[in-house]
Amino acid sequence: MTQMTSLHEERLDFVFRTIKATGARRVLDLGCGSGSLLYRLLADSQFDQVTGLEDSGVSLQQARSVLADYLNEQPPRIQLVRGSYAESNPAMAGFEAAAMVETIEHVRPEQLSRVERAVFGEYRPGCLFMTTPNREYNPLFDLAPGEFREEDHKFEWDRRKFQRWARGVADRTGYEVRFGGIGEFVPDLGHPTQTALFTRRD
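Remember, predicted model here, so these are calculated numbers, not experimental data.

Student: When you look at the side chain of N134 in this model, what are you seeing that I'm missing?
Tutor: Relative to the elements of secondary structure, N134 occurs in the loop between strand 5 (127–133) and helix 6 (159–173). Other than its neighbours up to four places away in sequence, N134 contacts R149, W157, D158, R159, L189, G190, H191, P192, T193 and Q194.

Student: How do you make sense of the packing of helix 5 (residues 112–123) against helix 6 when you look at a structure like this?
Tutor: To characterise two packed helices, one gives the angle between the axes of the helices and the distance between these axes. Axis separation between helix 5 and helix 6 bottoms out at 11 Å; the angle between their running directions is 45°. On the basis of the axis angle, helix 5 is oblique to helix 6. The two elements helix 5 and helix 6 cross, and the hand of that crossing is right-handed. Judged by residue contacts, L112, E116 and F120 of helix 5 engage W165, V169, R172 and T173 from helix 6. Residues that form the contact of helix 5 with helix 6 fall into these classes: four nonpolar, one polar and two charged.

Student: Just checking my understanding: could you explain the packing of aromatic side chains for this structure?
Tutor: In this description, an aromatic ring pair is defined by two values, namely the gap between the centres and the angle between the planes. Under the criterion given, the structure shown has eleven aromatic pairs. Aromatic side chains F14 and F129 sit 6.2 Å apart centroid to centroid with 20° between the ring planes, which places their arrangement in the stacked category. With a gap of 115 residues between them, F14 in helix 1 (residues 2–21) and F129 in strand 5 connect regions that are remote in the sequence. Owing to a relative accessible area of 4%, F129 belongs among the buried residues under this scheme. Counting every residue linked through ring pairs, the aromatic cluster contains F155, W157, F162, W165 and F179. Here the basic side chain of R26 rests over the ring of F95, its NZ or CZ set 4.8 Å away from the ring centre.

Student: Hey, could you run me through helix 3 (residues 57–66) in this one?
Tutor: Side chains of residues three or four places apart in an α-helix project in the same direction, reflecting 3.6 residues per turn. Taken together, the buried positions of helix 3 are S59, L60 and A63. Looking down the long axis of helix 3, one finds its buried residues gathered within 100° of arc, a one-sided arrangement. The outward face of helix 3, more than 90 degrees from its buried face, is lined by the exposed residues V58, Q61 and S65. Lining the buried residues of helix 3 we find strand 2 (49–54) and strand 3 (78–82). Where helix 3 begins, the capping side chain belongs to S56, and its oxygen is found 3.3 Å from the backbone nitrogen of V58.

Student: Help me out: how do you make sense of the layout of surface pockets in this one?
Tutor: In this approach the atoms are scanned with a rolling probe the size of a water molecule, which exposes any empty space left behind. The computed volume of the largest pocket comes to approximately 980 Å³. In terms of lining residues, the largest pocket is bounded by 40 residues, among which G31, V101, E102, T103 and H106 are the most central. Those elements that provide at least two residues to the lining of the largest pocket are helix 1, helix 2 (36–42), strand 2 and helix 3. The residue inventory of the lining of the largest pocket, partitioned by class, reads twelve nonpolar, 16 polar and twelve charged.

Student: Hey, could you run me through helix 6 in this one?
Tutor: With 15 residues, helix 6 should cover 21 Å at 1.5 Å per step; its first-to-last C-alpha distance of 21 Å lies within 8% of that length. Listed as buried for helix 6 are F162, W165, A166, G168, V169, A170 and T173. Close packing links the buried residues of helix 6 with helix 5, strand 5, strand 6 (175–182) and strand 7 (193–200). In the segment just after helix 6, G174 is the residue with positive phi, at about 80°.

Student: I'm lost on the sheet that holds strand 2 in this one. Help?
Tutor: Sheets are built from strands paired through backbone hydrogen bonds, the pairs being either parallel or antiparallel. Taken together, the seven strands give an open sheet; going across it, the order is 3-2-1-4-5-7-6, and neighbouring strands pair in mixed fashion. Edge positions in the sheet fall to strand 3 and strand 6, since each of these pairs with one other strand and no more. Each neighbouring strand pair of the sheet contributes to a mean axis angle of 15°, computed without reference to strand direction. In this structure, strand 2 lies alongside strand 3, joined through five bridges in parallel fashion. Paired with E54 across the bridge in strand 3 is R82.

Calculation notes
Residues numbered from 1 in each chain as written. Predicted model: local features only at pLDDT ≥ 70, side-chain atom pairs only at ≥ 80, totals over all residues. Heavy atoms only, no water. Helix = DSSP H or I, 4+ residues; strand = E, 2+ residues; numbered from the N terminus. Contact = heavy atoms within 4.5 Å. Axes fitted to C-alpha atoms, helices over the stretch in contact; angles between N-to-C directions. Parallel < 35°, antiparallel > 145°, perpendicular 65-115°, else oblique. Left-handed = near helix turned anticlockwise from the far one by under 90°. Nonpolar A, V, L, I, M, F, W, Y, C, P; charged D, E, K, R; others polar. Phe/Tyr/Trp six-rings, centres within 6.5 Å; stacked < 30°, edge-to-face > 60°. Buried < 20%, exposed > 50% of the residue type's maximum accessible area, 1.4 Å probe, protein only. Lys NZ or Arg CZ within 6 Å of the ring centre and 35° of its normal. Arc of directions from axis to C-beta. Polar contact = N/O pair within 3.5 Å; in protein donor to acceptor, adjacent residues only side chain to side chain. 1 Å grid on protein atoms, 1.4 Å probe; cavity = no way out; pocket = protein on both sides within 12 Å on 5 of 7 lines; lining within 4 Å. Points joined across faces, edges and corners; volume = space filled by probe spheres on them. Expected span 1.5 Å × (residues − 1). Pairing = 2+ DSSP bridges.

As structure tokens, this is what we get:
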């Protein structure tokens, strides 16, 4: 799994650089897990306010331990919130940038419209950077046809499906979207990780 681990680090660094390049000072990490991206953001003085939203209590405990020094700052720049980005939450509105790193594929397909309403309809960050596995690349990880990279994944999209979904969301909610990838590009298969950068039109 070394291949996956190094991709994980490369992905976090890529997301960090993308968010930093937007110039944002207030950032929301949706599905922040154990805080790896938050840690990178807090180490950079550009970011004044960083909020992590996470549904899993276990992951939040890990994040609290990873980010302990930052949580003890006065006043702290970091806030950790237990909750789901499929739910309405007025406190999540008003951020300049947001990230969803390898988290959309953990959502049941029938919940995707709720995520769209909450994240793009209510939270409405200035921009949002999303990453998700590219299913076309899975054979290179020695996965069997139909096998997911993690057993908790509810789906894994190929590039065409991801782009169709993301364009639909962008059109319905007033965002532009640009696509890219992270990791080694292979002709006909693409990158192991696919990305979408949503930017609000207004």
